[in-house]
Amino acid sequence: MTLRHYLLGLMALGVAFGAEDFADRFQRLMDEGQAAESSDPQAALAKYRQARELAIAEHQAEARGNAALNIGRIIQNETASQPEALALYREVAEGRATVEQAAKGWNNLGVLYFHMKLIPEALQAFERLNFKEADASVSYLFHYNYGAALESGQQPEAFQQYANAVSLAPDYAPAMRKAVELAPDASRAASVCQVVVKAGEAAGANDCLRLALKGFAANTSARDLLPLEIELLTAAGRDQALEKETTQFLNDTFQRTPADARAVLEQARGVFLGPAP
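Attention here is on the structure that accompanies the text. (Residues numbered from 1 in each chain as written. Predicted model: local features only at pLDDT ≥ 70, side-chain atom pairs only at ≥ 80, totals over all residues. Heavy atoms only, no water.)

For the chain, the helix and strand inventory stands at 14 helices and zero strands. In sequence order, the secondary structure elements of the chain are arranged as α-α-α-α-α-α-α-α-α-α-α-α-α-α. Across the 277 residues that make up the chain, the buried fraction comes to 43%. Put simply, 53% of the contacts in the chain that link residues at least 6 apart link residues at least 24 apart. Of the roughly 14,700 Å² of accessible surface on the chain, 52% is carried by carbon and sulfur atoms. (Helix = DSSP H or I, 4+ residues; strand = E, 2+ residues; numbered from the N terminus. Buried < 20%, exposed > 50% of the residue type's maximum accessible area, 1.4 Å probe, protein only. Contact = heavy atoms within 4.5 Å. Areas by Shrake-Rupley, 256 points an atom, 1.4 Å probe, with all protein chains shown as cover.)

See below:
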């Protein structure tokens, strides 16, 4: 082996060792930050800042994004630090990270603007969020957050975002409740509940039906809930824990329903309770 080859070999080893050294140092700082969060948030913040600076120096985009998101998460609830949190989230969102991190950056930016009551800015952030590139395990929350930002002025669009969240996470009750509340008609409400039914979420499906009935039982569009009512009430009848509560709810709902709309509800009610009293 020539001296030149030997030196080149050492250089190659040095690069490999350097990369491994960065990963170890970065992970140690992140672990120390996480361990300190509950007892000493300021110490955790210092560790995350060190990790971010290390990632910047080593040109490690994904690591930089991770550290920036953690810094932003800790400081975003402090009014004086919100501008810095916004800058960090925008740093991640605008490309100094992976596509999943960018999606999280736009979401966090939108949520923080929303809490600051800057709704137009929040909507702009959510509009730039690529939901297809978001982490599948949390994308339902991104749809839910977008729905919350839309709700004050664009209710049809807000309903769709909440419905999207339900389709991704049928067991996420806040999204289900909001989707049914904002559904423009009983058919749309029933479609949301059907997603919950198909996912096997019996308790959630029961709650969904109750909300839909409260919203639509007083008008003739309640007929759109009929197939869902029959399916859910029959299932509820096999669950003794729900039977008493469901019976009372159906009796109350039936009594409050105008006479011209009762025929629709009575068909489903009869499956579960028998003839009306």
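Our focus in this paragraph is the pattern of salt bridges. Under the defined criterion, the tally for this structure stands at 13 salt bridges. Between Glu37 and Arg73 there is a salt bridge; the shortest N-O distance is 2.7 Å. Of the two residues, Glu37 sits in the loop between α1 (3-36) and α2 (41-57) while Arg73 sits in helix α3 (residues 61-75), which places them 36 residues apart along the sequence. Across the pair Arg52 and Glu53 runs a salt bridge whose closest N-O atoms are separated by 3.4 Å. For Arg52, a relative accessible area of 16% translates into the label buried. A cluster of three or more residues bridged by salt bridges with shared partners is formed by Arg52, Glu53, Arg64 and Glu91. (Salt bridge = Lys/Arg side-chain N within 4 Å of Asp/Glu carboxyl O.)

A separate point is the packing of aromatic side chains. Each aromatic ring pair is described using two quantities: the centre-to-centre distance and the angle formed by the ring planes. Summed over all chains, the structure comprises six aromatic pairs. Considering the side-chain rings of Phe131 and Tyr146, the 6.1 Å spacing of their centres and the 10° angle between planes classify their relative orientation as stacked. Here the residue Phe131 occupies a position in the loop between α6 (119-127) and α7 (139-150), and Tyr146 occupies one in helix α7, the gap between them amounting to 15 residues. Residue class for Tyr146 comes out buried when judged on its relative accessible area of 12%. With a centroid separation of 5.1 Å and an interplanar angle of 70°, the aromatic rings of Tyr140 and Tyr172 are classed as edge-to-face. Linking Tyr140 in helix α7 with Tyr172 in the loop between α8 (155-168) and α9 (173-182), this pair joins segments that are 32 residues apart in sequence. The pair Tyr140 / Tyr172 is uniform in exposure class, with both members buried. Taken together, the ring pairs connect Tyr140, Tyr144, Tyr162 and Tyr172 into an aromatic cluster. (Phe/Tyr/Trp six-rings, centres within 6.5 Å; stacked < 30°, edge-to-face > 60°.)

Expressed as a C-alpha distance, the spacing of Tyr140 and Gln161, which sit 21 residues apart in the sequence, is 9.0 Å. Apart from residues no more than four positions distant in its own chain, Tyr140 is found in contact with Ala165, Leu168, Ala169 and Tyr172.

With 68 residues, the main nonpolar core has Phe26, Val180 and Val192 as its most contacted residues. Contacts of Val192, omitting those with residues within four sequence positions, involve Phe159, Ala163, Val166, Met176, Ala179, Val180 and Cys208. (Core = buried A, V, L, I, M, F, W, Y, C linked by side-chain atoms within 4.5 Å.)

Turning to the side chain of Gln101, a few remarks are in order. Tracing the sequence through the fold places Gln101 in helix α5 (residues 99-115). For Gln101, a relative accessible area of 7% puts it in the buried group. If near-sequence neighbours (up to four positions away) are discounted, Gln101 is found in contact with Ala61, Glu62, Gly65, Asn66, Leu69 and Val92.

Following the criterion strictly, the structure yields one disulfide and no others. Here Cys193 engages in a disulfide with Cys208; their sulfurs sit 2.1 Å apart. Measuring handedness by torsion sign, the sulfur bridge of Cys193 and Cys208 sits at about -90° and is left-handed. Of the two residues, Cys193 sits in helix α10 (residues 186-198) while Cys208 sits in helix α11 (residues 202-216), which places them 15 residues apart along the sequence. Accessibility expressed as a relative area gives 0% for Cys208, which makes it buried. (Disulfide = S-S within 2.5 Å.)

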